[in-house]
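Here's the letter readout for the chains.
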Amino acid sequence: MRLSRYFLPTLKETPAEAQIVSHRLMLRAGMIRQASAGIYSWLPLGLRVLRKIEQIVREEQDALGCHEMLMPTIQSADLWRESGRYDAYGPEMLRIRDRHDRDLLYGPTNEEQITEIVRAAVTSYRQLPKLLYHIQWKFRDEVRPRFGVMRGREFLMKDAYSFDLDLAGARQSYNKMFISYLRSFERLGLKAIPMRAESGPIGGDMSHEFVILADTGESEIAYHRDFLNLSLAGRSIDFEADLQPLVDSYVAQYAATDEERDRALEASLGDNLITGRGIEVGHIFYFGTKYARPMNARVTAPDGEPTDIQMGSYGIGVSRLVGAIIEASHDDAGIVWPKSVAPFAVAVINLKATDPDCAAASEGLYRSLCDADIDVLYDDRDERPGVKFAEMDLIGIPWQVIVGPKGLRAGLVELKDRATGERREMSAEAVLSALLK
């Protein structure tokens, strides 16, 4: 992508409404623009990041045996009346009425909708278990939306739902999702800590939040130091044999301000206890028959008797993750993207666009990287070098290839690692070889 043709409206000054790092940097980097309170347009750079996060989440759900579908944003109020949540949910639900005087709502979540779909199609225990998910926009009418995409009213979420015959099956589905979440966040370049949590309006008696470590996090957390070394990358897990011990071994609790709980954690973990701050990016729930029973979602059991389906739901805040990653990975110059979600892998920076040798070398690098199927942003603008350096650091592309007349006279270009700031001079061929590796 040539920057001279790209839509990247960066800002030099921080807008007054931006109170936290991620909001400031997303606005300054030209990733989002506010449409109304808590609602944002995603501009090209921001959308690239959003889609990369979405794809990683999708791949991990697919690997789990989850099947993707797509449910509507607008739902019937009658379904929510069946479950008993329509009046109980509260003012965060946006209730609307169509021209035929039918009560509708902009979905804050999809438990009722998916239960209605499954009860119409699944009638026997032989059709269970089922894991279904979708990635869809949600709306919750926050009383005071703030912090950009971290606490907006409209947001993109992956929500999955499990359907099982009994508690044992439901627990297995829950555990599979638990491990899948750890894998997903690891691929996103994040260290995630699972925390026992309240179920809130979703309901149920087993629930975990997944919190990523960030100095600017909204919650105080306590966890076992083994989490810092836990890696599931490339690890094959036998879900039948290995899941339960692994899940049980890596469950933390809120430290908060509860003195008794603090003392219990200190006693049980001792020197392994670490405290810090974190940001919630995922939440999983087991709620049994909370929706199946009032909505009559039943199957015929092996004994021939009807039984209520056991359910769970599993959410990841896809759009919230964009802000959370920035909160966890930035410096004074701007965003430092993990390579897996960066909008572009490489930036080619032509320091003197009017110089024929710089133009030819930059163009050659750009075309070679494109031919190798590497996402590259080519800064071909006739701008001062200081402006180019500042903007590339701001938007956080992992690798910068800097092409200038002085280096070219020696047959060299410069390769900069955005995360470490390390710079190396080498030939254009060596740069290409390093990036291709």
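Position numbers for residues count from 1 along each chain, tracking the sequence in the order it is written. Per-residue local features of the predicted model are confined to residues with pLDDT of at least 70, and side-chain atom pairs are confined, for both listing and counting, to 80 or more; whole-chain, interface and lining totals are unaffected and use all residues. Side-chain measures were taken over the full set of non-hydrogen atoms in the model, leaving aside hydrogen atoms and water.

Caption draft 1: Layout of the sheet that holds strand S22 (residues 423–426). Pairing between strands is defined by DSSP: at least two bridges between them are needed. Secondary structure elements are taken from DSSP: a helix is a run of H or I of four residues or more, a strand is a run of E of two residues or more, and numbering for both begins at the N terminus. Pairing within the open sheet is mixed, and its five strands lie in the order S19-S18-S20-S21-S22. Looking at the sheet topology across the chains shown, the edges are occupied by strand S19 (376–379) and S22. Each neighbouring strand pair of the sheet contributes to a mean axis angle of 20°, computed without reference to strand direction. Relative to strand S21 (residues 413–417), strand S20 (residues 399–403) runs antiparallel, the two sharing four bridges. Counted as the bridge partner of Gln 400 is Lys 416 from S21. Any pair of residues with heavy atoms lying within 4.5 Å of one another is described as a contacting pair. Lines fitted to C-alpha atoms define the axes here, with helix axes fitted over just the stretch in contact, and angles between the N-to-C directions of these axes take values from 0 to 180 degrees. On top of the sheet, helix H9 (residues 356–371) reaches strand S18 (346–350), S19, S20 and S21; it is set at about 170° to S19, its chief contact.

Caption draft 2: Region of the structure containing the packing of aromatic side chains. Any Phe, Tyr or Trp ring, taking Trp's six-membered ring, that has another such ring centre within 6.5 Å forms a pair; planes under 30 degrees apart are called stacked, those over 60 apart edge-to-face, and the others tilted. Taken as a whole and judged by the stated rule, the model has 10 aromatic pairs. Between the aromatic rings of Phe 178 and Phe 210, the centroid separation amounts to 5.4 Å while the plane-to-plane angle is 65°, which identifies the pairing as edge-to-face. Pair noted here: Phe 178 is in helix H5 (residues 167–187) and Phe 210 is in strand S10 (residues 206–213), with a separation of 32 residues, a long-range link. As far as burial versus exposure is concerned, Phe 178 and Phe 210 are alike and both buried. The structure contains a cluster of three or more aromatic residues connected by ring pairs, namely Phe 178, Tyr 181, Phe 185 and Phe 210. Cation over ring: Lys 290 sits above Tyr 291, and NZ or CZ is 5.4 Å from the ring centre. Both a distance and an angle decide whether a charge sits over a ring: NZ of Lys or CZ of Arg must be within 6 Å of the ring centre and within 35 degrees of the ring normal. Over the face of the ring belonging to Phe 389 we find Arg 423, whose NZ or CZ atom lies 5.6 Å from the ring centre. For the exposure calls, accessible area comes from a 1.4 Å probe over protein chains only, and a residue counts as buried if that area is under 20% of its type's maximum, exposed if over 50%, partly exposed in between.

Caption draft 3: Quick look at empty space enclosed by the protein. Space inside and on the surface of the protein is sampled on a 1 Å grid over the protein atoms alone, with a cavity defined as a set of points where a 1.4 Å probe fits but cannot get out and a pocket as an open set with protein on both sides within 12 Å along at least 5 of 7 lines; lining residues have an atom within 4 Å of a point. Grid points are joined across faces, edges and corners, and a volume is the space filled by probe spheres set on the points. In this structure the tally under the stated criterion is two cavities of 30 Å³ or more. As a volume, the largest cavity reaches approximately 100 Å³. Along its surface, the largest cavity is lined by Leu 182, Phe 185, Glu 186, Leu 190, Lys 191, Ala 192, Phe 227, Leu 230 and Leu 232. Residues of the lining of the largest cavity, tallied by class, amount to seven nonpolar, no polar and two charged. The calculated volume of the second largest cavity comes to roughly 60 Å³. For this scheme, ten residues count as nonpolar: Ala, Val, Leu, Ile, Met, Phe, Trp, Tyr, Cys and Pro. Four count as charged, namely Asp, Glu, Lys and Arg, and the remainder, Gly too, count as polar.

Caption draft 4: Here's a closer look at the sheet that holds strand S6 (residues 103–106). Within the open sheet, the three strands sit side by side as S4-S6-S5. Their pairing is antiparallel. Strands with a single pairing partner mark the edges of an open sheet, and in this sheet they are strand S4 (74–76) and strand S5 (94–97). Across the sheet, the axes of successive neighbouring strands diverge by a mean angle of 40°, strand direction being ignored.

Caption draft 5: Helix H10 (residues 385–395), seen in detail. Of all the residues in H10, the buried ones are Val 387, Lys 388, Glu 391, Met 392, Asp 393, Leu 394 and Ile 395. Following H10 by one or two positions, Gly 396 adopts a phi angle in the positive range, close to 80°.

Caption draft 6: Main features of the side chain of Arg 2. For Arg 2, the position within the fold is in the segment before helix H1 (21–28). Owing to a relative accessible area of 16%, Arg 2 belongs among the buried residues under this scheme. Among residues more than four places away in sequence, those in contact with Arg 2 are Glu 363, Tyr 366, Arg 367, Tyr 378 and Asp 380.

Caption draft 7: How the structure looks around the packing of H9 against helix H12 (residues 428–436). Interaxial distance between H9 and H12 falls to 11 Å at its minimum, and their mutual angle equals 25°. The orientation of H9 relative to H12 falls into the category roughly parallel. Considering only the axes of H9 and H12, their crossing is right-handed. Along its contact with H9, which presents Leu 365, Ser 368 and Leu 369, the element H12 presents Ala 428, Leu 432 and Leu 435. Roughly parallel covers angles under 35 degrees, roughly antiparallel covers those over 145, roughly perpendicular covers 65 to 115, and oblique covers all other angles. Left-handed is the label given to a crossing in which the near helix is rotated counterclockwise from the far helix by less than a right angle, and right-handed is the label when the rotation is clockwise.

Caption draft 8: Broad picture of the environment of Asp 271. Following the sequence through the fold, Asp 271 ends up in the loop between helix H7 (259–269) and strand S12 (273–288). Measuring from C-alpha to C-alpha, the distance between Asp 271 and His 224 comes to 9.1 Å, with 47 residues separating the pair along the chain.

Caption draft 9: Structural detail: the packing of helix H2 (residues 44–63) against helix H8 (residues 318–328). One way to put it is that H2 packs onto H8 with a least axis distance of 9 Å and a crossing angle of 115°. It follows that H2 is roughly perpendicular to H8 by the angle criterion. When you trace H2 past H8, the crossing you get is right-handed. Note on element contacts: H8 touches H2 through Val 318, Ser 319, Leu 321, Val 322 and Ile 325, opposite Val 49, Leu 50, Ile 53 and Glu 54. Broken down by class, the residue content of the contact of H2 with H8 amounts to seven nonpolar, one polar and one charged.

Caption draft 10: Region of interest: the pattern of salt bridges. By salt bridge we mean one thing: a side-chain nitrogen of Lys or Arg within 4 Å of a carboxyl oxygen of Asp or Glu. Throughout the structure, instances matching the rule amount to 27 salt bridges. Of the charged contacts in the structure, one is a salt bridge between Lys 52 and Asp 375, with a shortest N-O distance of 3.0 Å. Of this pair, Lys 52 sits in helix H2 while Asp 375 sits in the loop between H9 and S19, and the two are 323 residues apart along the sequence. Under the relative-accessibility criterion, Asp 375 is labelled partly exposed at 31%. Within this structure, Arg 51, Glu 54, Arg 58 and Glu 68 form a network of salt bridges that share partners.

Caption draft 11: Structural view of H2. In this analysis, the expected span of each helix is defined as 1.5 Å times one less than the number of residues it contains. Look at H2: 29 Å from first C-alpha to last across 20 residues, which is about the 28 Å you get at 1.5 Å a residue. Within H2, burial applies to Leu 45, Gly 46, Val 49, Leu 50, Ile 53, Glu 54, Ile 56, Val 57, Arg 58, Glu 60 and Gln 61. Just downstream of H2 lies Gly 65, where phi reads positive at about 95°.

Caption draft 12: Structural detail: the side chain of His 23. Here His 23 lies in helix H1. Look at His 23 and you get buried, because its relative accessible area is 4%. In the analysis that follows, any N or O atom pair within 3.5 Å is treated as a polar contact, provided that within protein one partner can donate a hydrogen and the other can accept it, and provided that, for residues neighboring in sequence, both atoms belong to side chains. Among the polar contacts listed, one links the side chain of His 23 to the side chain of Tyr 40, at a separation of 3.3 Å.

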